[in-house]
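Per-entry structural report
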Number of protein chains: 2
Amino acid sequence: MPPTKVKSAEVPISATRQHKADAEAASHPPAKPRPITRIQREKQDLILEAALEVFSLHGFRGATIDQIAEVAGMSKPNLLYYFPRKEEIHRRLMGELLVTWLAPLREMDANGDPFPEIRSYIRRKLEMARDFPRESRLFANEMLQGAPRIIEMIEVDLKNLVDEKARVLLTWMDQGKLTRTDPYHLIFSIWATTQHYADFDVQVRAVLGPGRGGEGRFEDAARYLEQLFMFGLTPKART
Amino acid sequence: MPPTKVKSAEVPISATRQHKADAEAASHPPAKPRPITRIQREKQDLILEAALEVFSLHGFRGATIDQIAEVAGMSKPNLLYYFPRKEEIHRRLMGELLVTWLAPLREMDANGDPFPEIRSYIRRKLEMARDFPRESRLFANEMLQGAPRIIEMIEVDLKNLVDEKARVLLTWMDQGKLTRTDPYHLIFSIWATTQHYADFDVQVRAVLGPGRGGEGRFEDAARYLEQLFMFGLTPKART
DNA sequence: CTAACATTTTTCCAACTGGTCAAAATTTCT
DNA sequence: AGAAATTTTGACCAGTTGGAAAAATGTTAG
């Protein structure tokens, strides 16, 4: 499966600034794409990691290249050598994010039984909120701003995936294995409840207080959500 | 009930820049606070309204005074005449927001029955997401950034309120009127599911598509959430 | 070793940022 | 109306921002 259509952004990064050494021969149209070096990959990863940190905390506009460069441990011009513009960094980040972010939903298996499937979907999402809160916040930040830079991916890739899974849910409902309800809003509610623990982490911790705000909160959340969704979705006693 | 401890921020705005006309007499310690004029109130409201628009979209760091001034239809220095610093605007906004934002939870009545109470709490929150999405996003933005400017309010006012309502929920559980579960996470899940429709509005609309993404989505959400929470919280058949 | 390329640093810039200040315009009060 | 206060404006500033150019330094294949 191709890593979602990340449109341009795929250019080999260098070659952009390099003096066009086409003088020698303008014969090969696909012009040697120049293999990506070890350093390139390493530094790019470093930058993306730093950018994730900064963007997820301040949003696109609020983040500065200097900040990202500092976190990445390099100078600003050096960073700009790898990603010639701020937007490129963000675009790459979002492109990669969307793929991994939707993986849990992709795994929901139409051939499985609804409750085990939904239950483990919720668990996986909750684990992601716990283990990748920055990714969650990056996504949330983009959404809050109206998703200007990923609206297309949302409207195409995300929508298609959700449509597909909504159909799966409907099938389960038809089979009487699941309460008949709105599959889209069902998915929304799973997203909302799980991502809440990453995006509103400060609030969750503050409200739970030092006693219950520790690491145990994810276990508690899992237990609670399981109960909420299970008994909310269990069809009335079979006939 | 005082509008939550908004600490300073309460100074009459003017008098800050006014040349200290104390030359006449340094006799009255509480120095005439100079009544707030009509224009002051009007312009301040204008600014706060514009600031809500901009802050909710770009977060604190990402928003600029120029932007706010433009939306408010006045020059930057003029805006700064009313709010001498960017942070003041934000602080005021957050202070007022928290009060109105928690009103629905405050209304949850310990003397009522759990289901009608919870049901109408969900409805009220959903209505707020529909009618005041910018407020919701402003709040979300602040949370995403770790709530640096309102952490204190969160830890005190919000926590106290939630503690109180959690006790109410526990009472209902003790009385067997509600499934025994974690009252804190229950409240979180209501916040998450309802605010999702304001904060992730773009996503919701994109996924529902032009057909179902219209105004009806809030009604659908209300119906779905009601079902989710109702049947998830209904205690097992009485003995 | 060295030419060719890749990486990094230094210097620089124009636009934007939050904010100041004094003067001018307007409103309010008597 | 006229004085006093309030409000608005225009010019200005120092620091930050995203980014460009080019020189300096590494790295590596032949």
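Residues numbered from 1 in each chain as written. Chains lettered and ligands numbered in written order. Predicted model: local features only at pLDDT ≥ 70, side-chain atom pairs only at ≥ 80, totals over all residues. Heavy atoms only, no water.

For the rest of this paragraph, the subject is helix α8 (residues 183-199) of chain B. Residue and element names in this part refer to chain B. For α8, which comprises 17 residues, the first-to-last C-alpha distance of 24 Å matches the rise-based estimate of 24 Å (1.5 Å per residue) to within 8%. For α8, a buried count of 17 out of 17 residues is recorded, marking the element as mostly surrounded by other parts of the structure. Two to three positions downstream of the cap, the backbone nitrogen of Y184 sits 2.8 Å from a side-chain oxygen, assigning the N-cap of α8 to D182. (Helix = DSSP H or I, 4+ residues; strand = E, 2+ residues; numbered from the N terminus. Expected span 1.5 Å × (residues − 1). Buried < 20%, exposed > 50% of the residue type's maximum accessible area, 1.4 Å probe, protein only. Polar contact = N/O pair within 3.5 Å; in protein donor to acceptor, adjacent residues only side chain to side chain.)

With that settled, consider the protein's contact with DNA strand D. By nearness alone, 23 residues border DNA strand D, and K76 of chain A together with T37, Q40, K43 and Y82 of chain B come closest of all. For DNA strand D, the backbone makes up 69% of the atoms found within 4 Å of the protein, where backbone means sugar plus phosphate. Between DNA strand D and the protein, one listed contact pairs a phosphate oxygen with a side-chain N or O atom of Y82 of chain B at 2.5 Å. Elements with a minimum of two residues in the surface near DNA strand D: α2 (65-72) and α3 (76-82) of chain A together with α1 (38-62) and α3 (76-82) of chain B. Taken together, the residues that form the surface near DNA strand D break down as 8 nonpolar, 6 polar and 9 charged. (Near = heavy atom within 4 Å. Nonpolar A, V, L, I, M, F, W, Y, C, P; charged D, E, K, R; others polar.)

Quite often, the size of an interface is put as the accessible area lost when its parts meet. Every contact between the two is made by 58 residues of chain A and, on the other side, 58 residues of chain B. The largest contributions to the chain A side of the interface with chain B come from L144, V207 and Y224 of chain A, which together make up 15% of the buried area. At the surface where chain A touches chain B, the tally comes to 2 salt bridges. D182 of chain B serves as the salt-bridge partner of R212 of chain A, at 2.4 Å between the closest nitrogen and oxygen. The tally of links from chain A across to chain B stands at 12 residue pairs in polar contact (both at pLDDT 80 or more). At the level of secondary structure, the elements contributing two or more residues to the side of chain A that touches chain B comprise α1 (38-62), α6 (133-144), α7 (151-174), α8 (183-199), α9 (201-212) and α10 (216-233) of chain A. Counting residues per element, the side of chain A that touches chain B draws most heavily on α8 of chain A, which supplies 12 residues. Grouping the amino acids of the side of chain A that touches chain B by side-chain chemistry returns 27 nonpolar, 19 polar and 12 charged. (Contact = heavy atoms within 4.5 Å. Buried area = accessible area lost by both parts, 1.4 Å probe. Salt bridge = Lys/Arg side-chain N within 4 Å of Asp/Glu carboxyl O.)

Turning next to the relation of the copies chain A and chain B. When chain A is fitted onto chain B, the two copies agree to an RMSD of 0.1 Å after a turn of 180° and an axial shift of 0.0 Å. The transformation relating the two chain copies, once decomposed into turn and shift, fits a two-fold axis. Same-surface contact between copies: 100% of interface residues of chain A are shared with the interface of chain B. (Least-squares fit on C-alpha atoms with pLDDT ≥ 70 in both.)

Moving on: the nonpolar core. One recurring pattern in soluble globular proteins: nonpolar side chains tend to sit buried together. Grouped together as the largest cluster of nonpolar side chains are 140 residues, with contacts concentrated most on F139 of chain A together with F139 of chain B. Those residues within four positions of F139 of chain B in sequence are excluded, and the remaining contacts are F200 and Q203 of chain A together with M94, L97, L98, W101, I150 and I154 of chain B. (Core = buried A, V, L, I, M, F, W, Y, C linked by side-chain atoms within 4.5 Å.)

A few words now on the environment of E142 of chain B. Residues and elements named next belong to chain B. Structurally, the position occupied by E142 is in helix α6 (residues 133-144). On a C-alpha basis, the gap between E142 and G59 in space is 7.0 Å, while along the polypeptide they are 83 residues apart. Apart from the residues within four sequence positions on either side, E142 is in contact with H90, M94, A147, P148, R149 and I150.

A few words on the packing of helix α4 (residues 86-107) of chain B against α6 of chain B. Residue and element names in this part refer to chain B. Taken N-terminus to C-terminus, the directions of α4 and α6 make an angle of 115°; their axes are 10 Å apart at the nearest point. Classed by the angle they form, the pair α4 and α6 counts as roughly perpendicular. Where α4 crosses over α6, the two elements pack in a sense that is left-handed. The residues of α6 that touch α4, namely those facing H90, L93, M94, L97, L98 and W101, are E135, S136, L138, F139 and E142. (Axes fitted to C-alpha atoms, helices over the stretch in contact; angles between N-to-C directions. Parallel < 35°, antiparallel > 145°, perpendicular 65-115°, else oblique. Left-handed = near helix turned anticlockwise from the far one by under 90°.)

Moving on, we come to the pattern of salt bridges. All names here are of chain B. Scanning the entire structure with this criterion turns up 44 salt bridges over all chains. Among the ionic pairs, D131 bridges to R130, the shortest N-O distance being 3.0 Å. D131 sits in the partly exposed class, given a relative accessible area of 42%. A relative accessible area of 37% places R130 in the partly exposed class. Residues K159 and D163 are paired through a salt bridge, measuring 2.8 Å at the closest nitrogen-oxygen approach. Placement of the pair is K159 and D163 together in helix α7 (residues 151-174), with a separation of 4 residues, close to one helical turn. Judged by relative accessible area, which is 18%, K159 ranks as buried. In this structure D163 comes out as buried when scored by relative accessible area, which is 16%.

Glancing now at the confidence of the model for chain A. Residue and element names in this part refer to chain A. When pLDDT is averaged along chain A, the result is 85; 80% of the residues meet or exceed 70. Throughout residues 1-32 the model reports pLDDT below 50, and contacts reaching past four residues in sequence, or to other chains, amount to 20 contacts. Contacts for the low-pLDDT stretch residues 233-239, under 50 throughout, to residues beyond four places or in other chains number 14 contacts. (pLDDT = per-residue confidence, 0-100.)

Packed helices, taken two at a time, are described by the angle their axes make and the gap between the axes. Residues and elements named next belong to chain B. Relative to each other, α1 and α4 sit at 95°, their axes nearing to 10 Å. With respect to α4, the element α1 is oriented roughly perpendicular. The segment α1 lies against α4, with Q44, I47, L48, A51, L52, F55, F60 and R61 engaging K86, E87, I89, H90, R92, L93 and E96. Its residues assigned to classes, the contact of α1 with α4 comprises 8 nonpolar, 2 polar and 5 charged.

This paragraph deals with the packing of aromatic side chains. Applying the stated criterion to the full structure yields 12 aromatic pairs over all chains. Between the aromatic rings of Y197 of chain A and F188 of chain B, the centroid separation amounts to 6.2 Å while the plane-to-plane angle is 85°, which identifies the pairing as edge-to-face. Of this pair, Y197 of chain A sits in helix α8 while F188 of chain B sits in helix α8, each in a different chain. Plain terms: the ring middles of Y81 of chain B and Y82 of chain B are 4.9 Å apart, the flat faces sit at 80° to each other, and that makes the pair edge-to-face. Linked through ring pairs, F188 and W191 of chain A together with Y197 and F218 of chain B together constitute an aromatic cluster. (Phe/Tyr/Trp six-rings, centres within 6.5 Å; stacked < 30°, edge-to-face > 60°.)

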